[in-house]
Amino acid sequence: MLSMTGYGKGEYKEGGLELTCEIKTVNNRYLDVSVKMPRIFVAYEEVIRSLVREKLTRGHADVFVGFKDKREKPTCLSADLALAKSYVEAAKSLKEAFPDLVNDVTVSSVLRYPDVLRQDEAASADEEMIFALKFALSQALDNLNEMRKIEGEKLKEDMLSRMATIESLVKQVSERAPLVAKEYKEKLTARIKDYLEGINPDEGRLLTEVAVFTDKSNIDEELTRLYSHIEQFRTICEEGIVGRKLDFLVQEFNREANTTCSKSNDVNITRLGLALKNEIEKVREQVQNLE
């Protein structure tokens with residue numbers, strides 16, 4: 001079981017090449033990957049996304065790539081001719097406007113103007129850089145998943161503890177449910193006798209009324225499904241990627257709890273049902289954190 005929240009970092013430092021990958025993940029219904037990296041790796045963004053998809057299925061992931069290349073390599077300089085031309089034309093315009101000024105524009109002086117001379121960087125990453133990127137990213141993903149696994153086990157422990165509470169509440173409802181019809185019959189008999197001033201009611205009509213009430217308030221099916229859901233929840237918790245399954249199952253829990261409260265016609269069962277719904281909601285909040 002994995003949490004969707006975590007952080008991982010990976011590094012590559014060899015032969016003057018330093019590359020760092022950091023990944024931070026938070027909850028999200030689907031997998032959403034955001035990548036921030038130096039321009040030299042732009043052509044390899046899909047490589048990054050592909051590696052992330054291999055290790056993650058849900059959540060929002062922010063990937064940060066840091067890069068320093070200290071390897072010895074020949075320096076390549078080039079002049080921005082368009083910018084240099086603009087400087088020269090501006091100097092000519094000044095000379096025409098102010099003839100007394102000395103025109104000392106030379107090739108050497110133009111080269112010293114801002115941004116005319118620039119150092120060309122590699123247009124794309126070389127093989128060693130790509131290897132470093134994959135190495136650091138894989139390491140970051142492994143560290144991320146290790147953290148997510150630890151967090152996932154804590155969530156699992158909490159949810160199973162709440163599932164034990166839910167099971168206890170369902171058992172209390174099961175014990176209370178058979179008494180509802182009996183108490184209804186007793187109260188109905190007493191009420192009729194009170195209205196009729198001691199005259200015994202027709203037993204057949206009374207039993208018919210109790211039978212209709214019992215049928216409307218019967219929650220045996222809901223209780224059976226709740227027990228089944230509890231067992232399924234515990235089974236699913238032993239699997240790996242469980243977020244979507246548990247999310248659906250919790251919706252079914254809520255459905256049965258709501259039906260139990262609406263059909264019971266008993267204040268004690270309603271009270272237990274509300275406590276049940278409260279625990280289910282706490283489980284639902286935790287399920288939202290799972291991949």
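Heads up: these notes are all about the structure in this document. Please read these numbers as outputs of a predicted model, since none were measured by experiment.

How each quantity is defined
- Counting restarts for each chain: residues are numbered from 1 in the order of the written sequence.
- In view of the model being predicted, local features appear only for residues whose pLDDT reaches at least 70, and side-chain atom pairs are presented and counted only at 80 or more, with totals across whole chains, interfaces and linings using the full set of residues.
- The basis for every side-chain value is the complete set of non-hydrogen atoms in the structure, without hydrogens or water.
- Numbering goes from the N terminus for both helices and strands, where a helix is a DSSP run of H or I of at least four residues and a strand is a run of E of at least two.
- The cut-offs for exposure are 20% and 50% of the maximum accessible area for each residue type, with area from a 1.4 Å probe on protein chains only; residues under the lower value are buried, those over the upper are exposed, and the others partly exposed.
- Paired strands, in this sense, are two strands between which DSSP finds at least two bridges.
- Seen with the strands pointing away from the viewer, any crossover whose path from the first strand over the helix to the second strand runs clockwise is right-handed.
- Salt-bridge detection follows one rule: a side-chain nitrogen of Lys or Arg within 4 Å of a carboxyl oxygen of Asp or Glu.
- Axis lines are fitted to C-alpha atoms, over the contacting stretch for helices. Their N-to-C directions set the angle, which ranges from 0 to 180 degrees.
- As used here, the term nonpolar core means buried Ala, Val, Leu, Ile, Met, Phe, Trp, Tyr and Cys residues forming a set that is joined through side-chain atoms within 4.5 Å.
- Residue contacts are counted whenever heavy atoms from the two residues lie within 4.5 Å of one another.
- With respect to orientation, any angle under 35 degrees is reported as roughly parallel, any angle over 145 as roughly antiparallel, any angle of 65 to 115 as roughly perpendicular, and every other angle as oblique.
- Handedness of each helix crossing follows the sense of rotation of the near helix against the far helix: counterclockwise by less than a right angle gives left-handed, clockwise gives right-handed.
- Ten residue types, Ala, Val, Leu, Ile, Met, Phe, Trp, Tyr, Cys and Pro, are classed as nonpolar, four, Asp, Glu, Lys and Arg, as charged, and the remainder, Gly among them, as polar.
- To count toward a patch, a residue needs a relative accessible area over 30% and no salt bridge; like charges are then connected within 9 Å, while nonpolar side chains (Val, Leu, Ile, Met, Phe, Trp, Tyr) are connected within 5 Å.
- Throughout, the Shrake-Rupley method with a 1.4 Å probe supplies accessible areas, and for residues the shown protein chains are the sole cover considered.
- Stacked, edge-to-face and tilted are the three classes for Phe, Tyr and Trp ring pairs, Trp counted by its six-membered ring, which pair at centre distances within 6.5 Å; planes under 30 degrees apart are stacked, over 60 edge-to-face, the rest tilted.

What to know about the overall build of the protein
And then number 1: Each helix and strand counted, the protein has eight helices and six strands in total.
And then number 2: Going from N to C terminus, the protein has its helices and strands arranged as β-β-β-α-β-β-α-α-β-α-α-α-α-α.
And then number 3: Taking all 291 residues of the protein together, 35% fall into the buried category.

Looking at the pairing of strand β3 (residues 31-36)
And then number 1: Here β3 runs beside strand β4 (residues 59-69); their pairing, made up of six bridges, is parallel. Following the sheet pairing, Ser34 is matched in β4 by Asp62.
And then number 2: A crossover links β3 with its parallel partner β4, the connecting element being helix α1 (residues 45-55), and its sense is left-handed.

Topic: the pattern of salt bridges
Oppositely charged side chains can pair when the atoms bearing their charge come close.
And then number 1: Throughout the structure, instances matching the rule amount to 16 salt bridges.
And then number 2: Arg225 is paired through a salt bridge with Glu222; the nearest N and O atoms lie 3.6 Å apart. Here Glu222 and Arg225 lie together in helix α6 (residues 220-236), a separation of three residues that amounts to about one turn.
And then number 3: The class for Arg225 is partly exposed, based on a relative accessible area of 33%.
And then number 4: Overall, Glu222 belongs to the buried group, its relative accessible area being 5%.
And then number 5: Among the ionic pairs, Glu252 bridges to Arg255, the shortest N-O distance being 2.9 Å. Pair noted here: Glu252 and Arg255 are both in helix α7 (residues 243-264), with a separation of three residues, about one helical turn.
And then number 6: Judged by relative accessible area, which is 46%, Arg255 ranks as partly exposed.

With respect to the sheet that holds β4
And then number 1: Judged by pairing direction, the sheet is mixed, and its four strands sit side by side in the order β1-β2-β4-β3 without closing on themselves. The strands lining the two open edges of the sheet, one partner per strand, are β1 (6-14) and β3. Taking each pair of neighbouring strands and ignoring which way they run, the sheet shows an average axis angle of 15°.
And then number 2: Bridge count for strand β2 (residues 17-26) against β4 is 10 bridges, and the pairing is antiparallel. Residue pairing across strands places Glu22 opposite Phe64, the latter belonging to β4.

Considering the nonpolar core
And then number 1: Core analysis: the biggest nonpolar cluster contains 29 residues, and Met159, Ile166, Phe233, Leu246, Phe253, Leu276 and Val283 have the highest contact counts within it.
And then number 2: Secondary-structure elements contributing two or more residues to this core are α4 (127-195), α6, α7 and α8 (267-287).
And then number 3: The greatest single-element share of this core, amounting to eight residues, is contributed by α4.
And then number 4: When sequence neighbours within four positions are dropped, the list of residues in contact with Phe233 reads Met159, Leu160, Met163, Leu246, Leu249, Val250, Phe253 and Val283.
And then number 5: Of all hydrophobic cores here, the second largest spans 26 residues; its members include Val63, Met129, Ala136 and Leu141.

Considering the packing of α7 against α8
And then number 1: At a minimum axis distance of 9 Å, the contact between α7 and α8 shows a crossing angle of 165°. Here α7 is positioned roughly antiparallel relative to α8, judged by the angle of their axes. The hand of the α7/α8 crossing is left-handed. Between α7 and α8, the residues in contact are Gly243, Leu246, Asp247, Val250, Phe253, Asn254, Ala257, Asn258, Thr260, Cys261 and Ser264 and Ile269, Thr270, Gly273, Leu274, Leu276, Lys277, Ile280, Val283, Arg284 and Val287, respectively.
And then number 2: A class-by-class count of the residues in the contact of α7 with α8 yields 11 nonpolar, seven polar and three charged.

A short note on the environment of Asp104
And then number 1: Its location among the elements puts Asp104 in the loop between α2 (81-97) and α3 (107-111).
And then number 2: The exposed category is assigned to Asp104, whose relative accessible area is 58%.
And then number 3: Residues Asp104 and Ala91, spaced 13 residues apart in sequence, show a C-alpha to C-alpha distance of 9.2 Å.

Notes on a nonpolar patch on the surface
And then number 1: Where nonpolar side chains cluster on the molecular surface, the patch consists of Leu94, Phe98 and Leu101 and spans about 300 Å² of accessible area.
And then number 2: Looking at the element boundaries, Leu94 is found in helix α2.
And then number 3: With relative accessibility at 48%, the residue Leu94 sits in the partly exposed group.

Considerations on the packing of aromatic side chains
We describe a pair of aromatic rings using the distance from one ring centre to the other and the angle between the two ring planes.
And then number 1: Taken as a whole and assessed by the stated rule, the structure comprises six aromatic pairs.
And then number 2: Considering the side-chain rings of Phe41 and Phe67, the 5.3 Å spacing of their centres and the 85° angle between planes classify their relative orientation as edge-to-face. In this pair, Phe41 sits in the loop between β3 and α1 while Phe67 sits in strand β4, placing the two residues 26 residues apart along the sequence.
And then number 3: When its relative accessible area of 24% is taken as the criterion, Phe67 is described as partly exposed.
And then number 4: Note on Tyr87 and Tyr113: the rings are 4.8 Å apart at their centroids and 55° apart in plane angle, and the pair reads as tilted. Of this pair, Tyr87 sits in helix α2 while Tyr113 sits in the loop between α3 and β6 (117-119); the two residues are 26 residues apart in sequence, bridging distant segments of the chain.
And then number 5: Looking at Tyr113, the relative accessible area reads 27%, which means it is partly exposed.
And then number 6: A network of ring pairs unites the aromatic residues Tyr12, Phe131 and Phe135 as a single cluster.

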